[in-house]
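Given next are the chains, with one letter for each unit.
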Amino acid sequence: MNGLHFYFAVISAALILDGCAGSRPAGIQSQGNLQHFDKSIVTVAQWGGTRDTLQHPVQTITHITLHHGGVDFTKDEDPRAYLRNLQSWSRSEKKWMDIPYHYLIDLDGTIYEGRDIRYAGDTNTEYDPTGHALICVLGNYENISPTKEQLRSIVNLFTWLCWKYHLSPEVIKGHKDYSKITVCPGKNLYAYLADGYFRREVEKELAQMKK
Ligand SMILES: [Zn+2]
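Residues numbered from 1 in each chain as written. Predicted model: local features only at pLDDT ≥ 70, side-chain atom pairs only at ≥ 80, totals over all residues. Heavy atoms only, no water.

### Brief notes about the overall build of the chain
Stage number 1. Regarding its fold elements, the chain presents seven helices and five strands.
Stage number 2. What you see in the chain, going N to C, is helices and strands ordered as α-α-α-β-α-β-β-β-α-β-α-α.
Stage number 3. Considering the chain as a whole, with its 211 residues, one finds that 53% of them fall into the buried category.
Stage number 4. Of the contacts made within the chain by residues no fewer than 6 positions apart, 76% connect residues no fewer than 24 positions apart.
Stage number 5. Working note: accessible area of the chain is about 10,000 Å², and carbon and sulfur atoms make up 53% of it. (Helix = DSSP H or I, 4+ residues; strand = E, 2+ residues; numbered from the N terminus. Buried < 20%, exposed > 50% of the residue type's maximum accessible area, 1.4 Å probe, protein only. Contact = heavy atoms within 4.5 Å. Areas by Shrake-Rupley, 256 points an atom, 1.4 Å probe, with all protein chains shown as cover.)

Right under this line is the structure:
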């Protein structure tokens, strides 16, 4: 377990839900929906975070890499509070510009914006995340399994990123494919990478767009 994952084991997010969890993508289905997919993503301002305003080197996206939060996350917890805590911890403790991930997905499949994707993410492990679009699914997938809604959102987000950055689904991998010191994104989520499910679903979605 790395420091980031461990830290959240001690945060209590018993905060009040403030409603308006953002719209949940059902399936992309058309080119038009793909072009407007980002409208379904909860923005940093909507979850109460702030953008880093400094200039940083801009990355070219060449990989898509899946992570998990690595600690239990329950329906009683407010994902927005979790994101605000993660953002302030990333800046104050780690001295990172922002949350290490570009997109985060909660238990009901809602997608949230994290770090500006123009900038490389951060990691506590030994790989260089430059060029990787980093996606984090909240929860510990060594212990729990992803829901249908989460799987749908992950596929949709992967599809949109492949379309937007002209990537082959072959570049979709998990954190542990690049690091020997983590089980991230957890065996129950990694299973969908290992058996090719995510890549097949994204290929299906992309093929649908060409019809
Ligand atoms: Zn990870």
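### A word on the packing of helix α5 (residues 148–165) against helix α7 (residues 197–210)
Stage number 1. Viewed as axis vectors pointing N to C, α5 and α7 meet at an angle of 60 degrees, and their least axial separation amounts to 9 Å. Considering their axes alone, α5 and α7 lie oblique with respect to each other. In the packing of α5 onto α7, the handedness of the crossing is right-handed. On α7, the residues that touch Leu 151, Arg 152, Ile 154, Val 155, Asn 156, Phe 158, Thr 159, Cys 162 and Trp 163 of α5 are Tyr 197, Phe 198, Glu 201, Val 202, Glu 205 and Leu 206.
Stage number 2. Across the contact of α5 with α7, the residue classes break down as ten nonpolar, two polar and three charged. (Axes fitted to C-alpha atoms, helices over the stretch in contact; angles between N-to-C directions. Parallel < 35°, antiparallel > 145°, perpendicular 65-115°, else oblique. Left-handed = near helix turned anticlockwise from the far one by under 90°. Nonpolar A, V, L, I, M, F, W, Y, C, P; charged D, E, K, R; others polar.)

### Brief notes about helix α6 (residues 187–194)
Stage number 1. The set of residues buried in α6 consists of Leu 189, Tyr 190 and Leu 193. Projected down its long axis, α6 carries its buried residues within an arc of 100 degrees, all on one side.
Stage number 2. Each element contacted by the buried residues of α6 is listed here: β1 (63–68), β4 (132–137), α5, β5 (172–174) and α7.
Stage number 3. One or two steps after α6, the chain reaches Gly 196, where phi turns positive at roughly 85 degrees. (Arc of directions from axis to C-beta.)

### Observations concerning the coordination of the zinc ion
Tetrahedral metal sites with four donors have an ideal angle of 109.5 degrees; octahedral sites with six donors have ideal angles of 90 or 180 degrees.
Stage number 1. Note on the zinc ion: its protein donors are His 67 (ND1), His 175 (ND1) and Cys 184 (SG). The metal-donor distances range over 2.0 to 2.2 Å.
Stage number 2. Sequence spacing among the residues donating to the zinc ion works out to H-x107-H-x8-C. With His 67 in strand β1 and His 175 in the loop between β5 and α6, this residue pair connects regions lying 108 residues apart in the sequence.
Stage number 3. Its relative accessible area of 2% is what places His 175 among the buried residues. (Donors = N, O, S within 2.8 Å, 3.2 Å for Na, K, Ca; no water.)

Just geometry here; none of it tells us what the structure is for.
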